[in-house]
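Residues per chain, in single letters:
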Amino acid sequence: MRSLTQQPFRTAVLVLVWGWLLFLVLTPNLLVVGASVMTRDPGSFISLPLTLDAYRQLLNPLYLEVFLHSLYMAAMTTLVCLLIGYPFAWALSKVGKRNQVLLIFLLIVPFWTNSLVRTYALKLILATNGLLNNALMSLGVIDEPMQLLYTEGAVIIGLVYLLLPFMILPLYSVFEDLQEDYLRASHDLGAGRLSTFIHVIVPLTLPGVLAGIMLVLLPAMGLFFVPDILGGSRNLLVGNVIKNQFLDARNWPFGAAASIMLTLAMAFLMFAHRLSKRRIGEDGV
Amino acid sequence: MNRWLPRTYLTLVYLLLYVPIVVLVVFSFNESRTGYEWGGLSLRWYEALFNNRAMVQAMWNSLWLALSAATVSTLIGALTALALHRYRFRGKKVLNGMLFIVMMSPEIVLAISLLALFLLVGLQLGYVSLLLAHVTFCLPFVVITVMARLSGFDERLPEAARDLGASDFTMTRTVLIPVIMPALLAGWLLGFTLSLDDVVVSTFVSGPSYEILPLRIYSMVRVGLKPEVNALGTLLLVFSLVMLILSQWILLRSKR
Amino acid sequence: MKQTLLSLSNLTKQFDGKKVLDSLDLEIFDGEFITLLGPSGCGKTTLLRMMAGFEHPDEGSITLGGQDLTHTPPEHRPLNTVFQNYALFPHMSVFDNVAYGLKMEKRPKEEIQQRVEEALAMVQLEDFARRKPHQLSGGQQQRVAIARAVVKRPKMLLLDEPLSALDFKLRRTMQVELKRLQRELGITFVFVTHDQEEALSMSDRVVVLKGGHIQQLGTPREVYERPANLFTARFVGETNFFPGRVDAANGDDTITVDVFGLKRTFRKPDFPVKEGQGLHVLLRPEDIRVLAPEDEDGVAGKIVERNYKGSTLDSVIHLEDGTEVLASEFFDEDDPTFDYRLGEPVKVSWVDGWEWLLPTEPEALPEEEGTDA
C-alpha cells in the first residue's frame, strides 16, 4: 500500500489510536451488551445460554420502583438545575466582559475539583448537628434539628450542587450567541416581553437547554457516591444498582442490562440535542 | 431591567456553590474532634494525615497514577488530534463519534465495561488497569483541547516549513509542536486533575495491591464525619485549584 | 538568450473528479517575472502549489534546469514560496523566521547571522529582528515572508497572491518593491494573482488561465491589445464588443466590415475570414471617440451615464439599437470643463487600426459570467 510506505508516521498514529479505542472502548461495550443477554453464573459471572432474563428483571416491581425513584430524583435534579441555571446564565451573559472571565473561572473550578470531597463538604452542613441545623436553631427558626441527611432531598441537593455548573456552561454559551438585535427586532415588530421570550429566546436557547439536560440528567443517574454519602439505603440511583450488581451481588447480566438502559437514555438525549441544533441551522456535533 | 436584581442573584448562587468548600477548608483547621463546633485553630488533622503511613502511600500512588495517566493520554490525545486535523482517512467520523461518546457517556457505563474487559483478558486489577482506564476517560478531553488549538492554526505553516527545507518530522518538531504546546500543557493538567479526582471508574478497576486516595476518602466518608477528611479534602482542592489556574494562565498567555 | 528554467509538460490534476489542470504545458524562462492570472478556481494556485511540491500531478512532469522534480518533496526543491497570508511562524522572532531555512541547510552560525541580516536589510527591516510576527504590520509581515524565502537564494520564487491582504495604497508600494527586488536579485518570479492590473503592471509575461487551460501566454501588451479569445478580452480590462459582418475580403490584405451600418476597412486578421461571416470588433474604452451628433462619421447614441474619474471622463453611451458603449476620454487641456449631460445625443466612432478582431465563438457557458476583473 502506498500510504504505508510513504507515511509511516501517519500509519503509526492511526494504528495506535484505533487500537486503543477498539480495545478499550468498543470491545468493552460489546462485552457489556453480550453480558446483558447471558445467564448469571456465580463462578465465572456469566455463562450460556443466551436469555433476555436480565431485561425481564428490569421490569421486576422491586427494581422498577428503584429505577423510577432514581429517575424521579434525576429529573428533579435536572429541573432544579434548569430553574436555577437558566436565569443565572442569562444574567451572567449580561455582566461586563472583564468580570465575566473571573465568573466563568469560578464556574469551572467545580469541574476541576474533587466531587467526592465537595459532596462530603455538603455533609458537614446538612448533618443533624451540622451547621445548617445549628444556625437555624440559634436563630430560633426551628426548635429541634431537622432530619436533612439521608433523605431524598439531600440526594437531590447533592446532585444539584455537583452538576449545576454543567447546566450553566452550555446555557451561558447560547446566551452569549443570542444577539441583542433579535430581541430588539422582536420588540420592534410589536412583541411584548412574554411573547419575545416564548417565540425568540426559548427556541434560540433550546440547544443549550438540551445540552445542559444531557450533561446533568445522565450523571444524576450514575453518581453512586452521592446517595452513599448523603442518601442512605433508601434513595438509590441506577448507578448504585449497577455497582451493587457488579461488585456485590455479582449479577452481571442484570447490571449490564441496567447500564444499557443508561446508554440508551444517552443516545436519545444526544439525538434530541442534534435535532434542536439543526432546527436553528447549526451543525450538530 | 433592574441592575441589582441579576447581580444579587448571581452572588447568591455563587455563595451556595462556595459555602460548602469554605466550610470544609475552615474546619480542616479546627482543633475540635466533633466536626460541628469550633474548637480553636490547629494543624492536628494535617499532622495526623501525614503520620498515617497508608494514607501517605495512597497519596503517592495517586500522584504517580495521575502523572502517568496524564502523560500517556496527552501523548495519544495529541497524536489523535493531529491525525484528525491533518489527515483524511476512512472512519474519521466514526473516530470522532467514539471520542464524543466516551466523553458523554456516564462514567459508570465506562467503568463496568472496562471491568468486564480486564476480567476477560485476565488482567490483575491494580496500577495497570487503573492506568488504562484513566487514560481512556482523559483521552477525549485532551483531544478536544488540542483540536481547539489546531483549528486556529494556519494550514500554511507546515507547508512553509517544508518549503524552507524541513522534513515532515523536523516540521512537526520545530513548528507544529511548539505552536500547540500550550494546548498540550493544558490538556495534560486537565488529565492530571481528572485522574487524581476520579472515584467512579477507579471503584471498579482498582485492586487491593494499589490503593489510591479518592477510594480511601470514599471508604472514610461513607460512615460518619472524619476530621482528617477535611484536611485531605482541603489539600486536594488547593492542588486542583493550582492546576486549574496554571492551565488557564497558559492558555490565556498563548492567546495574547 | 532566453533559457528555460522550469518546464511543465502535460500537467493534469483532478480533485474529486473535477479537472483542475488539463494537460497543461508551460515553459518559464530564467530571470523573468511571470504572472499566472485568472479568476478563482482557474487552476493558478494549484499550478503554483505543484511547482512548490505541495500537490502532485496525476499526469505530466515538472523539470527544473533539465532535472525531473515531479516527485521531489518540497523540502528538496530549490525554490521557495511567499504565502498568501505570509505563514510566518508565530512562535519565532523575525530573525528566527528568516533563519529557519538556513538552519535546515545546517549552515554555520556566522553565515546564518550574516545572511539573515542582509536579507532583513534588503527589505528594510533590520531593526525588527527581535520582534515577533504579531508585533508587525501587514506590510512588514509581508516583507519578512519575502526575506525568509529569498534568504535561501532559490532559483525561483513562487508568490501566491502575496499582496491580496494589503490595502490599496500598500499594495501599490509593494508592487514597486517586488519589481525592484526581482531586478536586484535576478531570480525568476512566478506570481499568482486574480488582479489583472497588478498582472499587467508587474510582469514580463502573463499566463491567462481558465478551467485548467492556458487561454493566452504573452507580454502584458499582447494580452491587453491583442487578446487571443473572448475570455481574455473580457477578463483583462474593459472592452466593447461590436458585432461586425464581413462585407468583402479585399485583395490587399484588408477586409471591409459592416459595423452598425458603417463600412470600415480593417487589416485582415490571423483567422480565416469569408464574406458574410460574423465577427467581433473589440475596442477598449480609451479607443472610443465621442463625436458631436452632427458629425458625419460614427453611430448615433445618447449619454446614459457619466463618471468623473479625475484624469479621465468615463461615459456610457446607449446606441440606437440598444448596445451599450463604454468610453474613457482624457481631459483636454484646452477645455478643462468638458462634460456631458445625461441624455445628450452623441456619435460614437474610433480611429481605424485601433480595433482588434476576434471570431465569434459558440455561446460561452454561464460560469464565465461574474468573473472578477
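Conventions adopted
- Residues numbered from 1 in each chain as written.
- Chains lettered and ligands numbered in written order.
- Predicted model: local features only at pLDDT ≥ 70, side-chain atom pairs only at ≥ 80, totals over all residues.
- Heavy atoms only, no water.
- Helix = DSSP H or I, 4+ residues; strand = E, 2+ residues; numbered from the N terminus.
- Buried < 20%, exposed > 50% of the residue type's maximum accessible area, 1.4 Å probe, protein only.
- Contact = heavy atoms within 4.5 Å.
- Areas by Shrake-Rupley, 256 points an atom, 1.4 Å probe, with all protein chains shown as cover.
- Lys, Arg positive; Asp, Glu negative; His and termini not counted.
- Charge placed at Lys NZ, Arg CZ, Asp CG, Glu CD.
- Buried area = accessible area lost by both parts, 1.4 Å probe.
- Salt bridge = Lys/Arg side-chain N within 4 Å of Asp/Glu carboxyl O.
- Polar contact = N/O pair within 3.5 Å; in protein donor to acceptor, adjacent residues only side chain to side chain.
- Nonpolar A, V, L, I, M, F, W, Y, C, P; charged D, E, K, R; others polar.
- Patch = residues over 30% accessible without salt bridge, like charges linked within 9 Å, V, L, I, M, F, W, Y side chains within 5 Å.
- Domains from an automatic or database assignment.
- Core = buried A, V, L, I, M, F, W, Y, C linked by side-chain atoms within 4.5 Å.
- UniProt positions renumbered as here; feature names shortened; annotations may be inferred.
- Pairing = 2+ DSSP bridges.
- Axes fitted to C-alpha atoms, helices over the stretch in contact; angles between N-to-C directions.

Colleague: For this particular structure, what's the right way to read the overall build of chain C?
Modeller: Across its full length, chain C holds eight helices and 20 strands. Across its three principal directions, the C-alpha atoms of chain C cover 80 × 50 × 40 Å. Looking at chain C as a whole, 53% of its 373 residues are labelled buried. Restricting to contacts in chain C with at least 6 residues of sequence separation, those with at least 24 account for 65%. On chain C, roughly 17,900 Å² of surface is accessible, and the fraction owed to carbon and sulfur atoms is 47%. Here chain C contributes 44 positive and 63 negative side-chain charges, whose respective centroids are spaced 8 Å apart.

Colleague: Would you take a moment to explain the interface of chain B and chain C for this structure?
Modeller: One frequent convention defines the size of an interface as the accessible area lost when the parts assemble. Of the residues lining the interface, 20 residues belong to chain B; the matching set on chain C comes to 23 residues. Interface of chain B and chain C: buried area, both sides summed, is about 1,800 Å²; carbon and sulfur atoms make up 59% of it. Three residues stand out in chain B for area buried against chain C, namely Arg156, Asp163 and Leu164 of chain B, and they jointly supply 37% of the buried area on that side. Seen at the junction of chain B and chain C, the total is two salt bridges. A salt bridge links Arg162 of chain B to Glu75 of chain C, with the shortest nitrogen-to-oxygen separation between them at 2.8 Å. For the pair chain B and chain C, the number of links is seven residue pairs in polar contact (both at pLDDT 80 or more). For the side of chain B that touches chain C, the secondary structure elements donating two or more residues are helix 7 (156–163) and helix 8 (168–197) of chain B. A class-by-class count of the residues in the side of chain B that touches chain C yields nine nonpolar, four polar and seven charged.

Colleague: Looking at this structure, I do not really get a nonpolar patch on the surface. What am I missing?
Modeller: Side chains of Leu59, Leu64, Leu68 and Leu71 of chain A sit close together on the surface and give an oily, nonpolar patch of about 370 Å² of accessible area. Positionally, Leu59 of chain A belongs in the loop between helix 3 (53–58) and helix 4 (61–94).

Colleague: I'm lost on the interface of chain A and chain B in this one. Help?
Modeller: With 78 residues of chain A at the interface, the matching set in chain B holds 84 residues. The largest per-residue losses of area from chain A upon contact with chain B belong to Trp20, Trp112 and Tyr120 of chain A, which jointly make up 12% of the total buried on that side. In this assembly, chain A and chain B are joined by zero salt bridges. Taken together, chain A and chain B are joined by nine residue pairs in polar contact (both at pLDDT 80 or more). For the side of chain A that touches chain B, the residue count by class is 61 nonpolar, twelve polar and five charged.

Colleague: What is the right way to read the domain arrangement of chain C from this model?
Modeller: Residue and element names in this part refer to chain C. Considered domain by domain, chain C is made up of domain 1 (4–234) and domain 2 (238–359). The centre of domain 1, based on its C-alpha atoms, is set 39 Å off from the matching centre of domain 2. In this complex, domain 1 contributes ten residues to the contact, which on the side of domain 2 involves eight residues. In total, domain 1 and domain 2 occlude about 800 Å² of area from one another, counting both sides; carbon and sulfur atoms represent 60% of this. Viewed at the interface, domain 2 and domain 1 are joined by zero salt bridges. Put simply, domain 1 and domain 2 have four residue pairs in polar contact (both at pLDDT 80 or more) between them. Listing elements by their share of the side of domain 1 that touches domain 2, those giving two or more residues are helix 7 (220–225) and helix 8 (230–235). Among the residues making up the side of domain 1 that touches domain 2, the classes are represented as six nonpolar, one polar and three charged.

Colleague: How do you make sense of the pattern of salt bridges when you look at a structure like this?
Modeller: One side chain can pair with another of opposite charge once the charged atoms of both are near each other. Going through the model one piece at a time under the given rule, you end up with 27 salt bridges over all chains. Here the salt bridges do not stand alone but share partners, grouping Glu105, Arg107, Glu111, Arg115 and Lys152 of chain C into one network.

Colleague: Quick question: what am I supposed to make of the nonpolar core here?
Modeller: One broad rule of soluble globular proteins: the nonpolar side chains tend to lie buried together. Among the nonpolar cores identified, the biggest contains 217 residues, and Phe225 of chain A together with Met51 and Met156 of chain C are the most heavily contacted of them. Ranked by the residues each element gives to this core, the list is headed by helix 8 (residues 152–177) of chain A, at 14 residues. Look past the residues within four positions of Met51 of chain C in its chain and what remains in contact with it is Leu6, Leu8, Ile28, Leu36, Ile62, Arg77, Leu79, Met156, Leu158 and Val190 of chain C. Formed by 37 residues, the second largest nonpolar core is a distinct cluster that contains Phe128, Ala129, Leu136 and Leu178 of chain C.

Colleague: What is the right way to look at the UniProt feature "domain: ABC transporter" (unreviewed entry) in chain C in this model?
Modeller: The UniProt entry lists residues 6–236 of chain C under the feature "domain: ABC transporter" (unreviewed entry), expressed in the numbering used here. Between the end C-alpha atoms of residues 6–236 of chain C there is a gap of 26 Å, over a span that is 36% helix and 27% strand.

Colleague: What is the right way to read the UniProt feature "transmembrane region" (unreviewed entry) in chain A from this model?
Modeller: Residues and elements named next belong to chain A. When the UniProt feature table is mapped to this numbering, "transmembrane region" (unreviewed entry) covers residues 12–38, 66–89, 101–121, 154–175, 196–226 and 252–272. Its end C-alpha atoms 33 Å apart, residues 66–89 is made of 100% helix and 0% strand. The straight-line gap between the two end C-alpha atoms of residues 154–175 is 31 Å; of that span, 100% is helix and 0% is strand.

Colleague: Teacher, can you tell me more about the sheet that holds strand 10 (residues 213–218) of chain C here?
Modeller: Two modes of strand pairing occur in sheets, parallel and antiparallel, and in both the strands are linked by backbone hydrogen bonds. Residue and element names in this part refer to chain C. Strand order in the open sheet made by the six strands is 6-7-8-3-9-10, with mixed pairing throughout. Looking at which strands have only one partner, the edges of the open sheet turn out to be strand 6 (79–82) and strand 10. Taking each pair of neighbouring strands and ignoring which way they run, the sheet shows an average axis angle of 20°. Here strand 3 (residues 33–37) runs beside strand 8 (residues 188–193); their pairing, made up of five bridges, is parallel. In the sheet register, Ile34 faces strand 8, and the bridge partner there is Val190.

Colleague: How should the UniProt feature "domain: ABC transmembrane type-1" (unreviewed entry) in chain A be read in this particular structure?
Modeller: Sites flagged by UniProt as "domain: ABC transmembrane type-1" (unreviewed entry) map to residues 67–273 of chain A. Helix makes up 82% of residues 67–273 of chain A and strand 0%, and the two end C-alpha atoms of the span are 24 Å apart.

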